[in-house]
Amino acid sequence: MGRYVARRLLQMIPVFIGATLLIFLMVNVMGDPIAGLCGDRQCDPATAAQLKREFGLDKPVWQQYLTYMGNVFTGDFGTAFNGQKVTELMSTAFPVTIRLTVVAIVIEVVVGIALGVVTGLRRGRPIDTTVLLLTLVVISIPTFVTGLLLQLLLGVEWGWIKPSVSTDATFSELIVPGLVLASVSLAYVTRLTRTSIAENRRSDYVRTAVAKGLPRRRVIIRHLLRNSLIPVVTFIGTDIGALMGGAIVTERIFNIHGVGFQLYQGIVRQNTQTVVGFVTVLVLVFLVANLLVDLLYAVLDPRIRYA
Amino acid sequence: MRGATHAKWAACAAAVALAATACGGGGSSGSGGGGDGSAVLSASWGDPQNPLEPANTNEVQGGKVLDMVFRGLKRYDPKTGKATDMLADKIETTDSQNFTVTVKSGWKFSNGEAVTAKSFVDAWNYGASLKNNQKNAYFFGYIEGYDKTHPDSGSQSADTLTGLKVTGTNAFTVKLTQKFSTFPDTLGYAAYSPLPSTFFSDHAGWLKKPVGNGPYTISSYTKGSQMQLKKWDGYTGADKAQNGGVTLKVYTDNNTAYTDLMAGNLDLVDDIPASQLKNVKSDLGGRYINTPAGIIQTLAFPYYDKNWNKSGSDKVRQGLSMAINRDQITTTIFQKTRTPATDWTSPVLGTAGGFQDGLCGDSCKYNPTEAKKLVQEGGGIPGGQVKITYNADTGSHKEWVDAVCNSINNALGNDKACVGNPVGTFADFRNQIGQHKMTGPFRAGWQMDYPLIQNFLQPLYYTNASSNDGLWSNKDFDKLVDQANAETDTSKAIKLFQQAEGVVRDNMAAIPLWYQNGSAGYSDRLSNVALNPFSVPVYNEIKVG
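Owing to the predicted nature of the structure, the values given are computational and were not obtained by experimental measurement.

Visitor: How should I be thinking about the overall build of chain A in this particular structure?
Guide: Of the regular secondary structure elements, chain A holds 12 helices and zero strands. Counting from the amino terminus, helix and strand elements in chain A follow one another as α-α-α-α-α-α-α-α-α-α-α-α. If you line up chain A on its principal axes, its C-alpha atoms span 85 × 55 × 30 Å. Per-residue burial for chain A yields a buried fraction of 40% across its 307 residues. Put simply, of all contacts in chain A between residues at least 6 apart along the chain, 74% involve residues at least 24 apart.

Below, the structure written as C-alpha cells:
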C-alpha cells in the first residue's frame, strides 16, 4: 500500500511539470501583457521596460519558466499586476471555492445516491421513469441557464435568497450556487447508481444475504450499495477537480470571488503568474483526488489490493 | 471566453423574463426629502487593475476610490467639468511657465497630519520617479527635471524634479519646460493628489488601507472583493459627504450587479450591461441616468503606411467618414448611450471649454453618394479593402465595427469594401498598435484625463505625442497648439486649439465616430445621483433614504 502511494506520488511529478509548462507557454503565446495595463494609450516606454524587468518578462521564455518553477518550489507563486502576491489571492479564493465544492459534492452524494438507490430498486415503476426524465432534462440544460433562472426566480421574483453571494461566502449562501454547480453531476450520479444497483441486485451475494434472513435495510446498505458504489466514486473523484476548475460560470453568475473569478480575471488581464499558479494548484487537486479514489476502491471492495 | 458568450445569451433570456414580469419591486413608501445623513449605500465596483496609488491609477475603478479619498489642488465641478480651486488658495503665473502655488491652510489627512506644500511636492516627485513604476508618470512630463527622474531609457540620474521647490509651509513653485497656460486646470487629476508621510514610511501598510484627505475614509478593504468607506467627520472641505458611507462591491459580471439592483440587494450600478439597455427604462423608470462622459471613439489611421499617407488619402478618409451612418448605429446598437460625433472633442467641455458642435460639418454626415465619389477621387481604397482592427475581448466592439463596415459597404456598393479585423486580447491589440503593425484603420477610444480641449488634441495629434498611435504629423497643427499653450488668455487659447482642430478636420486625421455616455441605475433609496464628466458617480452628493 505504502509503495503504491509512493509510486503514484512520483508519477505526479512529470504530470505536474508538463501541465505547468503547457499553461506557461499558452499564456505566453497571448503576447506582451504590459501593453494592456495603460488603457487605450501607449505605456510610456521607460515604465513599460521597468515593469517588464520587474516581472522578468524581458528574459527568454525558457528562462522565465525555470525561474518561475524555482520560485514555486520555495512557495513563491509570484505577484499579480495589482501588486498582490498570488499566494495571497489563493488564500482568499481557495477557501471560498472549496466551500462551494463541498456544498456541491454533498448535494451530489446525498441526493444523487439516494435517488439512484430508490430508482434502482424500483426499476420501471413511475418513480423511476419520473426521475429518469428529470435527470435527462437537467443534463440537457447548460449550467448557466439553470443558474440565471434560479437566480432570477429565487433572488428577484420570490426574494428567497440574495441574487449574489457576499464577501464572506458562508455555507448557507452557497446552497443555491452549489445546487446549480452540482445539478449536472447530480443527474449523472443518479443514473450511475441506478444502473449499478439494478445490475447488482440480481448478483449471488445479494441473494445469499437475503437467504440468510438479513433485514432488507442491511442488505441494501451494507451489501448492495457498497459494491455498487465503485463507478460512482470514480465519477465523484474526478468531478471534484472538474467542479473546482469548472466553477467559472457559476461563480460569475452569483458573483462568488473564488478560483473561477481569479482565473477569469487572470486570463483577461494576461496575468501569467495568476493563471499558472491557480491552474497548477488545480492540477494538484485533480491528481490527489484521483489517488484518493483509487485508494477508496480498496476500502469499498476488499478483493482489490494494492502492492 | 465560452463563459462570456453564454452569459450574454442567458442575459437576453433573463431580460425577456424581466420585461415580461415588469420587474422592479413596489414603489418606495414615504421616502424622499432630505435623506438620512448616516445611512450607507452599496455600489458596484470592479477590481482595480493597479495598486491604488494616485499616480498609478489610470482606470475608472481605482479612480472611484481616489475620488472619494483624495482632494487635490483643483477639483472638476461634477456638473460643468470646470476646474475650481479646492486645496489651492491661488496659483499664480506671469509667463505661463513658472507657477507659484499657495495651498490653503487647515486641511488635514484623515490620520491627522496637515496637508502642506511638501505633501504635494513629495507626491509629485514620487509619481515622476521611474523606479516607482507609476503609470501616470507622464503627467509630470512638463515639469523641469522630468528627463532626469524618468529618462526614456537607462536608469534615472535624479530622484526629485528640479522644477519643484518648496518655498514655505504652504507654498511651492513649479517650473515647466515649456509654456503651458492651462497647466493649473490640469491639477484636478488624481495623479496630482497630495500624499501623507505614512505613504513613504509604511508603503505596504498604506496600500492595504490608503489614507487621504477626502470626504471619506476607508474603514475596511478586502482586496478583490469589497471596500467599505465611511464618511469622515473631520473633513474640512465644503463638499462633505451627504451619506454615512459607501460600500463598494466587486462584481465580475455587470449582469449580476444589475440583477442585484433589481432584487434590492445593491443601490447603485454605474455600468448598465449592454444587453439590458433595452429594458432599463421600464425596469428603473426615472432611476436611470445617461449623461455625456469625456470619451470619444474614433477610427485612427496608420500614417506610417505609405498607402494611407499619399496624395488623395485625405479624400478617401473623408469619403469613409461620410459612408458611416452614425445615427443609425448609435440608435440601434447603443440605444442612444452614445451620440454621433460632430467634432474631435467632447460635449462635456461645453462651448466655453472648446466643444464645437458641428465643427466636422458635412464630412461627418451620412451621405453615400458623396462618399462614393470622394473615395473614387482619392484613388480608391488602398488594397481594395478597409480592415478595421479592434480587440474582441471587451466592450461590444465587434457589433459596431461590423455595423460600420456594413454601412461602408452599402454606401460604396461593394460587399468587400470593409471587414472587421478582430484581435484576441486588448494587450495584444495595444501591442500591435505600439509596434506600428496596423495596415488600415483601427479603433481608438480616448477618455480624457482632464476636461480641457488641449487633452483631446495634443496627446493624440501632435507630432510624436504620447498617444499619437498613427504617427500623424502636421506642421500647421503643431504650430497652432504651441501658440495656444503659450497664450495666457484662456479664451484666446481655446480659439487657437479650435483652429488646430480645424486642421485635423481638413485632413480628416482620424474619423470621429461618437461621444460615449456614462450610464447608471439606482435603487429607490437613493436620490441626487449624478455622474461626473469622467463617468464616475458623485458619491459624496448622493442622499440615502
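Visitor: I keep staring at the interface of chain B and chain A and nothing clicks. Help me out?
Guide: The extent of an interface is frequently quoted as the accessible surface area lost upon association of the parts. Tallying the contact residues gives 57 residues for chain B and 52 residues for chain A. Of all the elements in the fold, those that place two or more residues in the side of chain B that touches chain A are α1 (2-20), α8 (254-262), α15 (426-434) and β16 (442-447) of chain B. When residues in the side of chain B that touches chain A are grouped by element, the largest group, seven residues, is from α1(B). Residues that form the side of chain B that touches chain A fall into these classes: 21 nonpolar, 25 polar and 11 charged.

Visitor: For this particular structure, what's the right way to read the environment of A:D301?
Guide: Counting through the fold element by element, A:D301 comes out in the segment after α12 (272-300). For A:D301 and A:V131, which are 170 residues apart along the polypeptide, the C-alpha to C-alpha distance reads 28 Å.

Visitor: Where do I start with the pairing of strand β17 (residues 510-522) of chain B in this structure?
Guide: Residue and element names in this part refer to chain B. Burial runs high along β17: 13 of the 13 residues are buried. By the bridge criterion, two bridges tie strand β11 (residues 268-269) to β17 in an arrangement that is antiparallel. Bridge pairing in β17 links L268 to Y522. By the bridge criterion, 11 bridges tie strand β12 (residues 288-300) to β17 in an arrangement that is antiparallel. Along β17, the bridge assignment pairs I295 with Q516.

Visitor: Mind showing me how you'd approach the sheet that holds strand β5 (residues 98-103) of chain B here?
Guide: Backbone-to-backbone hydrogen bonds join strands into a sheet, with any given pair of strands oriented parallel or antiparallel. Residues and elements named next belong to chain B. One open sheet holds the four strands; their spatial order is β4-β5-β7-β6, and the pairing between them is antiparallel. Either end of the sheet is taken by a strand with one partner, and the two such strands are β4 (88-93) and β6 (164-168). The mean inter-strand angle of the sheet, taken between neighbouring strand axes irrespective of direction, is 20 degrees. Judged from the five bridges that link them, β4 and β5 form a sheet pairing that is antiparallel.

Visitor: Could you clarify how one ought to interpret the confidence of the model for chain B in this entry?
Guide: Residue and element names in this part refer to chain B. For chain B, the mean per-residue pLDDT works out to 87, and 93% of the residues sit at or above 70. The low-confidence segment residues 1-33 (pLDDT under 50) makes 41 contacts with residues lying over four places distant or belonging to another chain. At the level of chain-chain contacts, confidence expressed as ipTM amounts to 0.82, with global pTM at 0.83.

Visitor: Help me understand the domain arrangement of chain A in this model?
Guide: For chain A, the assigned domains are domain 1 (2-72) and domain 2 (94-257). Its C-alpha centre places domain 1 of chain A at a distance of 37 Å from the equivalent point of domain 2 of chain A.

Visitor: Explain the packing of helix α17 (residues 475-486) of chain B against helix α18 (residues 490-507) of chain B here, please?
Guide: The description of two packed helices rests on the angle between their axes and on the distance between the axes. Residues and elements named next belong to chain B. Direction vectors running N to C along α17 and α18 enclose 170 degrees, while the axes themselves pass 8 Å from each other. Taken together, α17 and α18 sit at an angle that is classed as roughly antiparallel. Side by side, α17 and α18 meet where D476, F477, L480, V481, Q483 and A484 of the first sit next to A493, L496, F497, Q499, A500, V503 and V504 of the second. In terms of residue class, the contact of α17 with α18 is made up of 10 nonpolar, two polar and one charged.

Visitor: Would you explain helix α3 (residues 117-128) of chain B in this entry?
Guide: Think of an α-helix as turning once every 3.6 residues; residues three or four places apart then point the same way. Residue and element names in this part refer to chain B. Given a rise of 1.5 Å per residue, 12 residues ought to cover 16 Å, and the 17 Å separating the end C-alpha atoms of α3 matches this to within 8%. Most of α3 is tucked away, with 10 of its 12 residues classed as buried. A117, S119, F120, V121, D122, A123, W124, Y126, G127 and A128 are the residues of α3 that are buried. Taken together, the buried residues of α3 touch β5, α4 (146-149), β6, β7 (171-175) and α6 (197-201).

Visitor: Would you mind going over α17(B) with me for this structure?
Guide: All names here are of chain B. In this model α17 runs 17 Å from its N-terminal to its C-terminal C-alpha over 12 residues, within 8% of the 16 Å that 1.5 Å per residue would give. Of all the positions in α17, only F477, L480, V481, A484 and N485 are classed as buried. In a view along the axis of α17, the buried residues occupy a sector of 135 degrees, so they form one face of it.

Reading the values: the criteria
Residues numbered from 1 in each chain as written. Chains lettered and ligands numbered in written order. Predicted model: local features only at pLDDT ≥ 70, side-chain atom pairs only at ≥ 80, totals over all residues. Helix = DSSP H or I, 4+ residues; strand = E, 2+ residues; numbered from the N terminus. Buried ≥ 20, exposed ≤ 12 C-beta atoms within 10 Å, placed from the backbone. Contact = placed C-beta atoms within 7 Å. Nonpolar A, V, L, I, M, F, W, Y, C, P; charged D, E, K, R; others polar. Pairing = 2+ DSSP bridges. Axes fitted to C-alpha atoms, helices over the stretch in contact; angles between N-to-C directions. pLDDT = per-residue confidence, 0-100. Domains from an automatic or database assignment. Parallel < 35°, antiparallel > 145°, perpendicular 65-115°, else oblique. Expected span 1.5 Å × (residues − 1). Arc of directions from axis to C-beta.

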